[in-house]
Amino acid sequence: MMTPQEILEALEAENAQSLFVHARLVRDSVFGKEVFQRGVVEFSNNCRKNCHYCGLRCSNANLERFALTKDEILSAVNMAVECGLGTVVLQSGEDADLDPRFIGDTIECIKELTDIPVTLCLGDHDRDIYKYWRACGADRYLLKMETFDRELHARFRPGQSVAGRLSRLEMLCNLGYETGSGLITGLPGMTPEILAHDLYRLSELPLGMIAVGPFIPHPDTSLGRSRSGCVEESLRATALLRIMNQGVNIPATSALDALLPNGREQGLEAGANVVMPSVTPESVRYEYSIYPGKNSSAGTVPESVSNLQQRLKAAGYQPSSARGGSPDRAAKFKDI
Ligand code: 5AD
Ligand code: SF4
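Every value quoted in this text rests on a predicted model; they were computed, and no experiment measured them.

Q: Please set out the packing of aromatic side chains residue by residue, giving values where relevant.
A: Counted by the stated rule, this structure contains 4 aromatic pairs. Where Phe-43 meets Phe-102, the ring centres are 6.5 Å apart and the plane angle is 50°; that geometry is what we call tilted. A residue pair is termed long-range when its members are at least 10 positions apart, and Phe-43 in strand S1 (residues 34-44) and Phe-102 in helix H4 (residues 100-113) qualify at 59 residues. A relative accessible area of 2% means that Phe-43 is categorised as buried. Seen in terms of ring centroids, Tyr-130 and Tyr-141 are 5.0 Å apart; in terms of plane orientation they differ by 70°. Their pairing is edge-to-face. Remark: Tyr-141 occurs in strand S4 (residues 140-142) and Tyr-130 occurs in helix H5 (residues 127-136); sequence separation between them is 11 residues. Accessibility classification places Tyr-130 together with Tyr-141 in one group, the buried group. Taken together, Tyr-130, Tyr-141 and Tyr-177 form an aromatic cluster joined through their ring pairs.

Q: Residues and numbers for the layout of surface pockets, please.
A: There is about 380 Å³ of room inside the largest pocket. Forming the boundary of the largest pocket are 22 residues, of which Asp-257, Arg-264, Ser-296, Ser-297 and Arg-311 lie nearest the centre. Looking at the lining of the largest pocket, the elements with two or more residues in it are helix H10 (254-259) and helix H13 (301-314). Within the lining of the largest pocket, the residues separate by chemical class into 9 nonpolar, 8 polar and 5 charged.

Q: So, the site of ligand 2: which residues are in play, and what are the values?
A: Within the structure, ligand 2 sits among Cys-47, Lys-49, Cys-51, Tyr-53, Cys-54, Leu-56, Arg-57 and Gly-93. For the shell around ligand 2, the per-class residue count stands at 5 nonpolar, 1 polar and 2 charged.

Q: Tell me what's going on with a negative patch on the surface, and back it up with residues and numbers.
A: Together, Glu-6, Glu-9, Glu-12 and Glu-193 make up a negatively charged patch on the protein surface. If you tally residues by element for the negative patch, the top one is helix H1 (residues 4-12), at 3 residues. Residue classification places Glu-9 among the partly exposed residues on the basis of a relative accessible area of 47%.

How each quantity is defined
Residues numbered from 1 in each chain as written. Chains lettered and ligands numbered in written order. Predicted model: local features only at pLDDT ≥ 70, side-chain atom pairs only at ≥ 80, totals over all residues. Heavy atoms only, no water. Phe/Tyr/Trp six-rings, centres within 6.5 Å; stacked < 30°, edge-to-face > 60°. Helix = DSSP H or I, 4+ residues; strand = E, 2+ residues; numbered from the N terminus. Buried < 20%, exposed > 50% of the residue type's maximum accessible area, 1.4 Å probe, protein only. 1 Å grid on protein atoms, 1.4 Å probe; cavity = no way out; pocket = protein on both sides within 12 Å on 5 of 7 lines; lining within 4 Å. Points joined across faces, edges and corners; volume = space filled by probe spheres on them. Nonpolar A, V, L, I, M, F, W, Y, C, P; charged D, E, K, R; others polar. Near = heavy atom within 4 Å. Patch = residues over 30% accessible without salt bridge, like charges linked within 9 Å, V, L, I, M, F, W, Y side chains within 5 Å. Areas by Shrake-Rupley, 256 points an atom, 1.4 Å probe, with all protein chains shown as cover. Salt bridge = Lys/Arg side-chain N within 4 Å of Asp/Glu carboxyl O. Lys, Arg positive; Asp, Glu negative; His and termini not counted. Charge placed at Lys NZ, Arg CZ, Asp CG, Glu CD.

Right, here's the structure in full:
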């Protein structure tokens, strides 16, 4: 494990080529050129929270809100399977009206349809609810820390805290979820020292999945006039995470793609081994605008997934339909 000081030096070094080469070697030794694909079903953009960086925040009145029915979710899942994606992720804002049984029933229906792993990315809920969804068959849960810096966290995530988020991550691990977390890089006020510390803290946790993506200002939020996060910094963060977390699944995030035409390829070149294309129906996918450029690919879902798969192949990778669990997770669990 690197120290926070060593991480900082790698973030600030003049040239990062050797860092990326190292990260690719580590990635290749565990995963080769196989890239796991997760189909993300963004089934509702309703959110009770008001995170300053996010277009779904409740005070954004310029957004048309939607929620898919169970049948619509199931047909998106079917589409993901037909496109050869090996996992589905059910993702939404924190809908104040969410009935936990709606999610529970949906998980059970997915598991009747196909045996692919189901990942949830539904934000903060009580332990009983996490436990119930796990009993319904959910396999994995994504809950991003965004930053471990207490001051920044409280500033950008009103009413929420680092301690609260961490205790939920621990809860999820203890309930047997393969748990993922992550960061936004380049939030206003986030220094390289803070990022170095965030990468260190993230790497100490028993996670199966870790994601980092650059901050992208959304015009309908209070950070709309702030500067984007630096792509290069986000790529260095990806590479450092790979070096410190060898067998953990790390996506080439769609936020990279929103800032650069070949952002995902660059994420893979920095050591990532996962892509997470949206399989949200075309009629609503533009409304899931967490940041501008999200879900901006033209065409139908099968067209945009196949387009991404072609890009991966052209860059020398093999899009995989495997379940793609983390080989590191069992080992990391023993350490806590
Ligand atoms: N820029 C980049 N990433 C963002 N997220 C939310 N808002 C932004 C933004 N403006 C990320 C957060 C969140 C995930 C759904 O998207 O990490 O957890
Ligand atoms: Fe809601 Fe998540 Fe956006 Fe925060 S980041 S406003 S919790 S959707």
